[in-house]
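# A structural walkthrough
Listed here are the chains, written in short residue letters.
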Amino acid sequence: MTIGLAYVLRPGVAVMRRLSLGKKLALLLVPWVPSVGVLAAARYGMLYSPRVVGASAACSLYLAACLYVSVRASVRALADTVDAVCRGDLQRFAAVVGNDELADVGRGMDAMMRLLSNLVSGIRSEAELVAMAGDGMLANAEALAHRTDEQAANLRRTSENVSALVGTVEINARDAQVASALTEQVREAADGGKATVESAVLAMQGLSQRSGRMTDIIAVIDGIAFQTNILALNAAVEAARAGEAGRGFAVVAAEVRTLAQRCASAAHEVKRLIEGSATEVSAAMNLIRAAADSLIAVDAGVREITGKAHVICTASASQLDSLRGIGQSVQGLDRITHSNAQMVETSLRAADRLRRQSRQLCGAVIDMRLRQGCADEARTLVERAAGLIEREGLVAAAGHFHRRDGGFVDRDLFIIVLDRGGVFRAFGADPAKAGKAAVAAPGVNIEELNRQTFERADCGGGWIEFRSLHPSTKMPVDKMAYVRPVGAQLVVMCSVNKTDGLQAAVSSGV
């Protein structure tokens, strides 16, 4: 179509785009109304005017050409949109101008593409979160598997040690039983020795008493010898007085005196021996009493030892039973640990499968061009921004963040740099906010949001969820932001809009 013809058809095309399909068809019939009247008049003999018919045909042809051009343009726009959707390009808008049915179809396709873009973005974002969760689950499962293996090894060593301890305690229990039997025998022997010593003490006491009686008897004999000696002396005196007549009596008296002296000497010697024996008997009795006291103490000690040996024997038996129970419990724990290890292996495989499936799900729609950013793109943007800050510094990096052509503003994705004082150091969507205190959407507690952000950064980075305004539609939407620390003072983040808020606004009648 030449430029001149397009210029000529422009008014008619504009009119056609404002009319519905029925009105367009009716408009095509309007130029033929005068011609129909002329033809009817000619039928009744009236004047026939070819010019009126020609003008009607020309006007109808013009309107038909305008209809064709408008319909072709709309259909071409719709075809291009469908082709873009087939290629996975959901960023293209269905640019169908006018108020006719094709324009309605174009607006419907545009809404469908917007919803489809939101759906795919949600799938990619959730798949990225699931993949990150799978990575975390895999790492945790691997760590748990390692700890479970260590626990199993420790339990095996503990089981071996408990088995060895049970064997030792069994030996100790048997030894304690033998020792208890021996102490019982010693106690019985001590009781017998105690009785023997008591009998010896009684015998020595009788001997001491008899020694005392012999001493008394010797004293009587000594007295008799003394009296006999006195009588012999008197008899000798009387015999001397008698002279020759008493000489025989004097001899007898001398013999009696000699015998009395010998008897007194023997009695004195016996007395001395008995006194020595009595002293020795007394000393022996003291020793026997000391021995008896010692035996009593030994008997008490042996009885105490016997009691303690019995307690030890009982405690050893109880300890053996307890250790056997511990051994059975440790074996049960070992079985449970092996079962847990198998479950951990299963969880490990499930986490790896979940991660791979989420990556496959994300890969299935990764080539689609969306109208809004999603989680994997936000994470990649944050990693690039953090690397740029580390290489070139914050000031130079902020220059890239604030430019539309700096590579860090993509649709609704942009970089935010926040310091620990709660001040924006860079804000890609609105550079005027850089250097100012952080603010949030109405109804959002900025202190709580900053605290959540810094806690996630202190954990090495990750996702936070909050509610804010969409940068384009200015509608309140749910968001999630990927947070990554840079150094000790800076936090880099990029948020993803879960929706654009338009559908919710339409549903609520806004």
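Structure: above.
Here goes a summary of the coordinates provided.

Reading the values: rules and limits
- Residues numbered from 1 in each chain as written.
- Predicted model: local features only at pLDDT ≥ 70, side-chain atom pairs only at ≥ 80, totals over all residues.
- Heavy atoms only, no water.
- Helix = DSSP H or I, 4+ residues; strand = E, 2+ residues; numbered from the N terminus.
- Buried < 20%, exposed > 50% of the residue type's maximum accessible area, 1.4 Å probe, protein only.
- Contact = heavy atoms within 4.5 Å.
- Areas by Shrake-Rupley, 256 points an atom, 1.4 Å probe, with all protein chains shown as cover.
- 1 Å grid on protein atoms, 1.4 Å probe; cavity = no way out; pocket = protein on both sides within 12 Å on 5 of 7 lines; lining within 4 Å.
- Points joined across faces, edges and corners; volume = space filled by probe spheres on them.
- Pairing = 2+ DSSP bridges.
- Expected span 1.5 Å × (residues − 1).
- Patch = residues over 30% accessible without salt bridge, like charges linked within 9 Å, V, L, I, M, F, W, Y side chains within 5 Å.
- Salt bridge = Lys/Arg side-chain N within 4 Å of Asp/Glu carboxyl O.
- Axes fitted to C-alpha atoms, helices over the stretch in contact; angles between N-to-C directions.
- Parallel < 35°, antiparallel > 145°, perpendicular 65-115°, else oblique.
- Nonpolar A, V, L, I, M, F, W, Y, C, P; charged D, E, K, R; others polar.
- Core = buried A, V, L, I, M, F, W, Y, C linked by side-chain atoms within 4.5 Å.
- Phe/Tyr/Trp six-rings, centres within 6.5 Å; stacked < 30°, edge-to-face > 60°.
- Arc of directions from axis to C-beta.

### With respect to the overall build of the protein chain
- Looking only at helices and strands, the protein chain features ten helices and seven strands.
- Across the 510 residues of the protein chain, 34% fall into the buried class.
- Counting only contacts in the protein chain whose residues sit at least 6 apart along the sequence, the fraction spanning at least 24 positions is 67%.
- Here the protein chain has roughly 29,600 Å² of accessible surface; of this, 61% comes from carbon and sulfur atoms.

### Let's talk about the layout of surface pockets
- Each pocket or cavity is described by its volume, and for the largest pocket that value is around 640 Å³.
- Where the lining of the largest pocket is concerned, the elements lending two or more residues are strand S2 (413-414), strand S3 (416-419), strand S4 (424-427), helix H9 (446-458), strand S5 (462-469) and strand S7 (490-497).
- Sorting elements by how many residues they give to the lining of the largest pocket places S5 first, with five residues.

### As for the pairing of S4
- Across three bridges, the pairing between S3 and S4 is antiparallel. Residue pairing across strands places leucine 418 opposite phenylalanine 424, the latter belonging to S4.

### With respect to helix H7 (residues 375-392)
- Given a rise of 1.5 Å per residue, 18 residues ought to cover 26 Å, and the 26 Å separating the end C-alpha atoms of H7 matches this to within 8%.
- Listed in full, the buried residues belonging to H7 are Ala375, Asp376, Ala378, Leu381, Val382, Ala385, Ala386, Gly387, Leu388 and Ile389.

### Comments concerning a nonpolar patch on the surface
- A cluster of nonpolar residues, Val130, Met137 and Leu354, forms a patch on the protein surface that exposes about 210 Å² of accessible area.
- As for its placement among the helices and strands, methionine 137 is situated in helix H5 (residues 101-242).

### Describing the packing of H7 against helix H8 (residues 394-402)
- Where H7 meets H8, the axes come as close as 7 Å, and the angle between the chain directions of the two elements is 140 degrees. Relative to H8, the element H7 is oriented oblique. Note on element contacts: H8 touches H7 through Leu394, Ala396, Ala397, His400 and Phe401, opposite Ala385, Leu388, Ile389 and Glu392.
- Its residues assigned to classes, the contact of H7 with H8 shows seven nonpolar, one polar and one charged.

### Focus on the pattern of salt bridges
- Going through the model one piece at a time under the given rule, you end up with ten salt bridges.
- Arginine 484 serves as the salt-bridge partner of glutamate 390, at 3.7 Å between the closest nitrogen and oxygen. One end of the pair, glutamate 390, is in helix H7; the other, arginine 484, is in strand S6 (residues 476-486), with 94 residues separating them in the sequence.
- The closest approach of N and O atoms between glutamate 448 and arginine 451, which form a salt bridge, is 2.2 Å. Of this pair, glutamate 448 and arginine 451 both sit in helix H9, three residues apart, which is roughly one turn of that helix.

### Description of unusual backbone geometry
- Positive phi, normally seen in glycine, also occurs at arginine 411, with a value near 55 degrees.
- In this fold, arginine 411 is placed in the loop between strand S1 (409-410) and S2.

### A word on the sheet that holds S4
- The strand order across the open sheet built from five strands is S4-S3-S7-S6-S5, with neighbouring strands paired in antiparallel fashion. At either margin of the open sheet sits one strand with a lone partner, and together these are S4 and S5. Taking the axes of each pair of neighbouring strands and ignoring which way they run, one obtains an average angle of 25 degrees across the sheet.
- Sheet strands touched by H7: S3, S5, S6 and S7. Its angle to S6, the strand with the most contacts, is close to 35 degrees.
- Most of the contacts of H8 go to S4, to which it runs at about 35 degrees, and overall it touches S3, S4 and S7.

### Considering the nonpolar core
- Within the largest apolar cluster, 25 residues are counted, with the highest numbers of intra-cluster contacts made by Ile389, Phe401, Ile415, Val417 and Val492.
- Those elements giving two or more residues to this core turn out to be H7, H8, S6 and S7.
- A total of eight residues in this core trace back to one element, the largest contributor, which is H7.
- Here isoleucine 415 is in contact with Leu381, Val382, Ala385, Phe401, Phe408, Ala426, Phe427, Gly428, Val492, Met493 and Cys494, once residues within four sequence places are set aside.

### Quick notes on the packing of aromatic side chains
- Throughout the structure, instances matching the rule amount to four aromatic pairs.
- Considering the side-chain rings of phenylalanine 424 and phenylalanine 427, the 5.0 Å spacing of their centres and the 65 degrees angle between planes classify their relative orientation as edge-to-face.
- Classification of phenylalanine 424 as buried rests on a relative accessible area of 7%.
- Joined through ring pairs, the aromatic side chains of Phe414, Phe424 and Phe427 make up one cluster.

### Some points on H8
- When we look at burial in H8, the residues that qualify are Leu394, Ala397, Ala398 and Phe401. Buried residues in H8, looked at end-on, bunch into an arc of 105 degrees, giving them a common side.
- Along its buried surface, H8 packs onto H7, S1, S3, S4 and S7.

### So, the pairing of S6
- Strand direction decides the pairing type here: S5 and S6, joined by eight bridges, are antiparallel. Bridge pairing in S6 places isoleucine 464 opposite alanine 481.
- Note that S6 and S7 share eight bridges and pair antiparallel. By the bridge assignment, arginine 484 is partnered in S7 with valine 492.
- Hairpin connection, S6 to S7: the antiparallel pair is bridged by three residues, and glycine 487 has positive phi, about 70 degrees.

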